[in-house]
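# Chain and residue survey
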Amino acid sequence: MEESENVTGLFSWAYSGVNFDLAGNGGIECRDFISVKQRVIETVISCAAASLILYRAITHLTLPKNSILLPDPVGKRILLVVHCLIFGIELGFKFATKQMIYILNPCHVATMMQIFCLAAPSGRLTTTVFRLHLHMLTGAPIAILFPVINTRLLPFETEVYYIQHLLMLVIPFYLLKIGGSYTAEPVHDFSWALVSMGVLYIIYFVPVQYLAYISLVNLNNMLCPAVSDPFYGPYYRICAMTHQALLIPTVGKFYTWLSQQFLTPSARDEEVSVFSIDWSAETPAPDNLRGKNGVISHGDRPSNNGHLKSS
């Protein structure tokens, strides 16, 4: 008991500001919304399904055979600054209200993945993170259509909520328009969507649910349904698993289809298995190729002195 109190005191800055009097925020009543037995059954089923999905899908993951390097456009840097600014303000709200535990919500995790994609140099790792995150954006439209803002009481906290989720939906379109490392898999390839789904299910039902249960904070609505949940009831998590199984590939494939139809060139590089790629032989970063932002991709071009520039 004493050890539990010490842990609570040590991490009080992370969730002591959560107001359990607000509906859907957490507390004993929220934790007991469904029985422990039901939680265990749902967790076992979801994790077993996720493990099977990962086992079958991960062997089919593919990436472009060649790593394409493109110049770093000004618009990408502007989006990086804006996204970091908005996310920084959101973190400031969480620190000020002692609710940093909410940083584990999927939308915040997807935001951090987007910031990585905007800041990281071109390469296969960037493509990998980008493709995974494309299928982790289902929370953004849900947050906009069914907003949970009754807990946001500080000035401009609600506005930042909407701006962050709108940026989450806009940034992938811009990055897909740039191309290079920001490419989506073929429309008929569901391996990335399934891997993202499996990872999300395990994150939801293992670490997030555990932290929610011991802290009484309703992280990602793992303890009880949100006040705006259209599936409010004892089986809301089963409904969530069902609609997420449909939404995760649908939203991700929408980006994939749109990118291949309108945003990126029709010519696509050959896709090869991620297990056949020599990850240690990654193409050099743009700064090492030509000047600060110059890039050569897919072949060499003549330099000013008439010699081919090798990569």
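Basis of the calculations
Residues numbered from 1 in each chain as written. Predicted model: local features only at pLDDT ≥ 70, side-chain atom pairs only at ≥ 80, totals over all residues. Heavy atoms only, no water. Disulfide = S-S within 2.5 Å. Helix = DSSP H or I, 4+ residues; strand = E, 2+ residues; numbered from the N terminus. Buried < 20%, exposed > 50% of the residue type's maximum accessible area, 1.4 Å probe, protein only. Expected span 1.5 Å × (residues − 1). Bend = angle between axes of the 7 residues up to and from the residue. Axes fitted to C-alpha atoms, helices over the stretch in contact; angles between N-to-C directions. Parallel < 35°, antiparallel > 145°, perpendicular 65-115°, else oblique. Left-handed = near helix turned anticlockwise from the far one by under 90°. Contact = heavy atoms within 4.5 Å. Nonpolar A, V, L, I, M, F, W, Y, C, P; charged D, E, K, R; others polar. pLDDT = per-residue confidence, 0-100. Salt bridge = Lys/Arg side-chain N within 4 Å of Asp/Glu carboxyl O.

## Topic: the state of the cysteines
Considering all chains together, one arrives at 1 disulfide under this definition. One disulfide in the model links Cys30 with Cys224; its S-S distance is 2.0 Å. Residues Cys30 and Cys224 share a disulfide whose torsion about the S-S bond is about -90°; that sign makes it left-handed. Of this pair, Cys30 sits in helix H3 (residues 28–31) while Cys224 is found in the loop between helix H10 (191–215) and helix H11 (236–263), placing the two residues 194 residues apart along the sequence. A relative accessible area of 6% places Cys30 in the buried class.

## Observations regarding H10
With 25 residues, H10 ought to run about 36 Å at 1.5 Å a step, and its terminal C-alpha atoms sit 35 Å apart, in line with that. In H10, a bend of some 40° at Gln209 exceeds every other bend along the element. Two residues or fewer past H10, Leu216 is found with a positive phi of approximately 70°.

## Quick look at the packing of helix H4 (residues 36–57) against H10
For any two helices packed against each other, one specifies the crossing angle of their axes together with the interaxial distance. Between H4 and H10, the shortest axis-to-axis distance is 8 Å and the interhelical angle comes to 150°. The orientation of H4 with respect to H10, classified from their angle, is roughly antiparallel. The handedness of the crossing between H4 and H10 is left-handed. The segment H4 lies against H10, with Val36, Arg39, Glu42, Thr43, Ser46, Cys47, Ala50, Ile53, Leu54 and Ala57 engaging Ser191, Leu194, Val195, Met197, Gly198, Val199, Tyr201, Ile202, Phe205, Val206, Gln209 and Tyr213. Looking at the contact of H4 with H10, its residues break down into 15 nonpolar, 5 polar and 2 charged.

## Some points on the side chain of Gln164
Topologically, Gln164 is positioned in helix H9 (residues 157–178). For Gln164, a relative accessible area of 1% gives the class buried. Once residues lying within four places of it in the same chain are set aside, the contact partners of Gln164 are His83, Ile86, Phe87, Glu90, Cys107, His108 and Thr111.

## Considering the confidence of the model for the chain
Taken residue by residue, the chain gives an average pLDDT of 83. The fraction at 70 or more is 85%. Here helix H1 (residues 2–10) is the element of the chain with the lowest mean pLDDT, 47, and H4 is the one with the highest, 94. pLDDT under 50 marks residues 1–7. Its contacts with residues more than four places away, or in other chains, come to 0 contacts.

## Things to note about the pattern of salt bridges
Throughout the structure, instances matching the rule amount to 8 salt bridges. One salt bridge in this structure joins Asp32 and Arg31, with 3.2 Å as the shortest N-O distance. Residue class for Arg31 comes out partly exposed when judged on its relative accessible area of 21%. As a salt-bridge pair, Glu42 and Arg237 come within 2.7 Å of each other at their nearest N and O atoms. Taken together, the residues span a long stretch of sequence, with Glu42 in helix H4 and Arg237 in helix H11 at a distance of 195 residues. With respect to burial, Glu42 and Arg237 carry one shared label: buried. Put simply, Asp72, Lys76 and Arg77 are held in one network by salt bridges that share partners.

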